[in-house]
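Listed here are the chains, written in short residue letters.
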Amino acid sequence: MAGKTLYDKLWDAHLVRQNEDGSALIYIDRQILHEVTSPQAFEGLRLAGRKPWRIDANLATPDHNVPTTERSGGVDQIVDPVSRIQVKTLDANCDDFGIVEFKMNDSRQGIVHVVGPEQGMTLPGSTVVCGDSHTSTHGAFGALAHGIGTSEVEHVLATQCLIAKKMKNMLVRVDGELGAGVTAKDVVLHIIGVIGTAGGTGCAIEFGGSAIRSLSVEGRMTICNMAIEAGARVGLVAVDDKTIDYFRGRPFAPQGDSFEQAAAAWKDLVSDEDAVFDRVVEIRAEEIKPQVTWGTSPEMVVAVDGTVPNPERAGDQVKADGIRRALKYMGLEADQKITDIRLDRVFIGSCTNSRIEDLRAAAEVVKGRKVAATLKQALVVPGSGLVKAQAEAEGLDEIFIEAGLEWREPGCSMCLAMNPDKLGPGEHCASTSNRNFEGRQGFGGRTHLVSPAMAAAAAIAGHFVDVREMMNQ
Amino acid sequence: MKKFTQYTGIAAPLDRANVDTDMIIPKQFLKSIKRAGFGPNLFDELRYLDEGQPDQDCAGRPLNPDFVLNQPRYAGAGVLLARENFGCGSSREHAPWALDDYGFRAVIAPSFADIFYNNCFKNGLLPIILSEAQVDQLFKEVEANEGYQLTVDLERQVVVTPSGEEFAFEVDAFRKHCLLNGLDDIGLTLQHADEIKAYEARRRQEAPWLFDAIHN
Ligand code: SF4
């Protein structure tokens, strides 16, 4: 019998019941809740008179709607009345049901996918769900993690289980050494460019190979975060010593002997040598350059030294139409150089790139330089209160402020612009987030996805530049 | 959950690939804490020329005349014809809520994003996967014939065109059963409460740290 993939092992360990028709009941160890996708789930529970199955498996924090400017006045000071109601509703629901919540001004508050691992709530070998598609992030630690809809949030609250069907196994292997200035973000954007936004549909993608192994756990989180942008609900990276060390001393991780016992079990969270994948994609690390998306889907991506594609050379009709539509929306010309795209705003943040290493990488680029005068705004939004405190302890905040970037409070911010941080119509933004869909960062806004170092370089130049050139200066 | 057995209605063609959930229902409308009322803001940025605000009356807003659902011939459409990777992007269930609230009962496409596909079933909205060639044919027929209607028969798992041509589709037995009978997933799962408890007892031995409480 062939060996098991990491995904197979995680699935088997959580199988409560296998139905004959292929559906199954799987056990959920951890659920994270935020204010946007939970209110209707709590309401559903109440209407049906149901109680949560295991309260202490849940953790909540508001992130999507919270303001990132000074907010010591608390929730009552949130200007947008609809946002305020949503954050208050989360607070009230958590208080009512007794769910632990890091409220807006708790120093541990932040973006759900930054907070979960940071607290050791996410653990290797666990199942983690959240009403948010970027839950795939947590797979970087060898956890089976994916986004769910609100009905499923309610289902997990009520039963601690999910009705699921086993996905296919896909392996994306990146071997070789990444060049200087090429980051995890560039790797994942490149992968999406190769396999497309539906390339992983129906699959759990395991990211492997020497280039992935050599990444830090934070870099691996960036990769798994965007698995969903390749169509895969689940992204995974096998457990190694870096993973295990990450969890030492985290508040909700096991401590002492219990940690050693857990760590011994976690070592098995790798795909067996002889495991069989339904699909394998191989990529050479040396071929990856810093990436920039030019269009309205993450697969519309090229290297920074490239040009915007020409629909005339697209091959098929649906593709050509897609390119034309994107060019029009983005206000770009076919064959235009990427480095000629002028920017209005820069956003460094989001669950993809708002952790300490991301902020360090951006700070290194802007240190001793000044943001281009043509830029309207450059924002740095840390992923959590703890990331913010760490950055301040390292003096990164001062580097940013001195260079002319704004240093903000933690939250999702301009990643999806549900709070006041947004693009105006027609504005171009270099963003470290994960989605460049039409209107994502504000009505009519034009998003270009890049790494933190590339966003920082763009902030200095006012247009895209190859960060590798700037690093040599 | 809402039942789905058979439905016949006007089909509307949305001819673009990778329609994402931000497009189906822009984020400003996710601030609602209710499940209903998203219909007027379905495809808001495509449908209207101005920027929509939550709690706004949409009746007086300028419509985009080029958008397909604004054409009188597709008024009251109940079947949405779409292209590949429909519903990609976020996990927001507001997307199927908006489609349902607008009046759609089924969406036909060559492929769907996983989370969206799953969310549809929870809301009595039927996502149907047909081959690229079949979807192409339906697009041509819809565009050529005003008042074109499709019948979706879940029991028999077929889409029937006005000429009587039938296209078979696949659907999970469990999901089909739930939709046909309007069953509540949570109620069904709780019938297996003993098995869940047995699993917990077993797992607690193997991996006790997973049962440490999330505490303050
Ligand atoms: S940062 Fe962006 S992608 Fe991440 S959870 Fe928040 S809104 Fe979603």
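These lines cover the structure that appears in this document, whether it is placed above or below.

Analysis parameters
- Residues numbered from 1 in each chain as written.
- Chains lettered and ligands numbered in written order.
- Predicted model: local features only at pLDDT ≥ 70, side-chain atom pairs only at ≥ 80, totals over all residues.
- Heavy atoms only, no water.
- Helix = DSSP H or I, 4+ residues; strand = E, 2+ residues; numbered from the N terminus.
- Buried < 20%, exposed > 50% of the residue type's maximum accessible area, 1.4 Å probe, protein only.
- Contact = heavy atoms within 4.5 Å.
- Buried area = accessible area lost by both parts, 1.4 Å probe.
- Salt bridge = Lys/Arg side-chain N within 4 Å of Asp/Glu carboxyl O.
- Polar contact = N/O pair within 3.5 Å; in protein donor to acceptor, adjacent residues only side chain to side chain.
- Pairing = 2+ DSSP bridges.
- Right-handed = clockwise from strand over helix to strand, strands pointing away.
- Near = heavy atom within 4 Å.
- Nonpolar A, V, L, I, M, F, W, Y, C, P; charged D, E, K, R; others polar.
- Axes fitted to C-alpha atoms, helices over the stretch in contact; angles between N-to-C directions.

**Brief notes about the environment of V87(A)**
Residues and elements named next belong to chain A.
Right, so step 1: Mapped onto the elements, V87 comes out in helix α3 (residues 81-97).
Right, so step 2: Residue classification places V87 among the buried positions, given a relative accessible area of 0%.
Right, so step 3: Put simply, V87 and V36 are 51 residues apart on the chain and 8.4 Å apart in space, counted from C-alpha to C-alpha.
Right, so step 4: In this view, V87 contacts E35, P62, N65, V66, V75 and I78; residues no more than four positions away in its chain are not counted.

**What to know about the interface of chain A and chain B**
Size of an interface, as often reported, equals the accessible area lost when the parts are brought together.
Right, so step 1: The partner chain B presents 64 residues to the 82 residues of chain A that form the contact.
Right, so step 2: Summed over both sides, the interface between chain A and chain B buries roughly 6200 Å², with carbon and sulfur atoms accounting for 57% of that surface.
Right, so step 3: Together, Q40(A), W53(A) and F443(A) form the three largest contributors to the area buried by chain A at its contact with chain B, with a combined 11%.
Right, so step 4: Remark: the boundary between chain A and chain B carries 7 salt bridges.
Right, so step 5: A salt bridge links R50(A) to D184(B); the shortest N-O distance between them is 2.9 Å.
Right, so step 6: For the pair chain A and chain B, the interface holds 35 residue pairs in polar contact (both at pLDDT 80 or more).
Right, so step 7: Residue contributions to the side of chain A that touches chain B peak at 7 residues, all from helix α5 (residues 150-159) of chain A.

**Things to note about the pairing of strand β16 (residues 377-380) of chain A**
Residue and element names in this part refer to chain A.
Right, so step 1: Alternating positions in β16 separate into two faces, Q377 and L379 on one and A378 and V380 on the other, with burial throughout.
Right, so step 2: Where strand β15 (residues 345-348) and β16 come together, 4 bridges link them in parallel fashion. Counted as the bridge partner of I348 is V380 from β16.
Right, so step 3: In terms of handedness, the path from β15 via helix α12 (residues 356-366) over to β16 forms a crossover that is right-handed.
Right, so step 4: Sheet topology note: the β16/strand β17 (residues 406-407) ladder contains 2 bridges and is parallel.

**Quick notes on the site of the ligand**
Right, so step 1: In the region of the ligand, the neighbouring residues are H64(A), I111(A), H113(A), D132(A), H134(A), S350(A), C351(A), C412(A), C415(A), L416(A), N434(A) and R440(A).
Right, so step 2: Broken down by class, the residue content of the shell around the ligand amounts to 5 nonpolar, 5 polar and 2 charged.

**Looking at the environment of A198(B)**
Residues and elements named next belong to chain B.
Right, so step 1: With respect to the secondary-structure elements, A198 resides in helix α8 (residues 193-206).
Right, so step 2: Under the relative-accessibility criterion, A198 is labelled partly exposed at 41%.
Right, so step 3: A sequence separation of 57 residues divides A198 from E141, and the C-alpha atoms of the two residues are 54 Å apart.

**Some details on the sheet that holds strand β11 (residues 234-236) of chain A**
Strand pairing in a sheet relies on backbone hydrogen bonds, with the paired strands running either antiparallel or parallel.
Residue and element names in this part refer to chain A.
Right, so step 1: Judged by pairing direction, the sheet is parallel, and its 4 strands sit side by side in the order β11-β10-β9-β12 without closing on themselves. Of all the strands in the sheet, the pair left with one neighbour each is β11 and β12 (279-284). Shown here is a sheet whose adjacent strand axes are inclined to one another by a mean of 20°, direction ignored.
Right, so step 2: The pairing of strand β9 (residues 168-175) with strand β10 (residues 203-208) spans 6 bridges and is parallel. Following the sheet pairing, K168 is matched in β10 by C203.

**Let's talk about unusual backbone geometry**
Backbone geometry follows two general trends: most residues other than glycine have a negative phi, and most peptide bonds adopt the trans configuration.
All names here are of chain B.
Right, so step 1: Although it is not a glycine, F43 adopts a positive phi angle of roughly 55°.
Right, so step 2: Residue classification places F43 among the buried residues on the basis of a relative accessible area of 0%.
Right, so step 3: Positive phi, close to 55°, is recorded for Q157, a residue that is not glycine.
Right, so step 4: Following the sequence through the fold, Q157 ends up in the loop between β5 (149-153) and β6 (158-160).

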